[in-house]
Amino acid sequence: MSYTPVFIPLIPAYTRTGVVTDTQDTPIAGATVEAIGKSGQRKFSVTNSAGVYYLEGLSQGEYTLTVNGNSHLRLKLNASTKPFQELNLKTKI
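Residues numbered from 1 in each chain as written. Predicted model: local features only at pLDDT ≥ 70, side-chain atom pairs only at ≥ 80, totals over all residues. Heavy atoms only, no water.

Colleague: Describe in detail unusual backbone geometry, supporting the description with residues and values.
Modeller: Despite not being glycine, Asp-25 has its phi angle at roughly 65°, a positive value. Relative to the helices and strands, Asp-25 is located in the loop between β1 (14–21) and β2 (32–37). Despite not being glycine, Asn-68 shows a phi value in the positive range, around 50°. (Helix = DSSP H or I, 4+ residues; strand = E, 2+ residues; numbered from the N terminus.)

Quick look at the structure:
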């Protein structure tokens, strides 16, 4: 029996999760957190009752993170970035 090697290219993917709170540190339920890439790709999550969001499947690149449509911060993902990180967001309601 012989084996044929099969090469499968792996594309790094990144996940960001955290809690969205207001300026009083109260979790915000139902907030939309969106990562918008420079080339227009979008990933979004809606926070649960504890204010937790979960953005997965992000590829390498630069993103603008928004909370309820308001620009919040810039995020840069590259080869040296950890694949899974917690990123808590504080916003005005």
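Colleague: Help me get a handle on the environment of Val-19, residues and values and all.
Modeller: Structurally, the position occupied by Val-19 is in strand β1. Overall, Val-19 belongs to the partly exposed group, its relative accessible area being 25%. For the pair Val-19 and Ala-35, spaced 16 residues apart in sequence, the C-alpha separation works out to 15 Å. Contact partners of Val-19, with chain neighbours within four places excluded, come to Pro-27, Ala-50, Gly-51, Val-52, Tyr-53, Leu-87, Asn-88 and Leu-89. (Buried < 20%, exposed > 50% of the residue type's maximum accessible area, 1.4 Å probe, protein only. Contact = heavy atoms within 4.5 Å.)

Colleague: How would you summarise the side chain of Thr-64 if you had to cite specific residues and measurements?
Modeller: With respect to the element layout, Thr-64 can be found in strand β5 (residues 61–67). Polar contacts involving the side chain of Thr-64 include one to the side chain of Arg-74, which spans 2.6 Å. In contact with Thr-64, not counting residues within four places along its chain, are Glu-34, Ala-35, Ile-36, Ser-71, Leu-73 and Arg-74. (Polar contact = N/O pair within 3.5 Å; in protein donor to acceptor, adjacent residues only side chain to side chain.)

Colleague: Can you break down a nonpolar patch on the surface residue by residue, with the values?
Modeller: A cluster of nonpolar residues, Val-6, Ile-8 and Leu-10, forms a patch on the protein surface that exposes about 390 Å² of accessible area. Structurally, the position occupied by Ile-8 is in the segment before β1. (Patch = residues over 30% accessible without salt bridge, like charges linked within 9 Å, V, L, I, M, F, W, Y side chains within 5 Å. Areas by Shrake-Rupley, 256 points an atom, 1.4 Å probe, with all protein chains shown as cover. Salt bridge = Lys/Arg side-chain N within 4 Å of Asp/Glu carboxyl O.)

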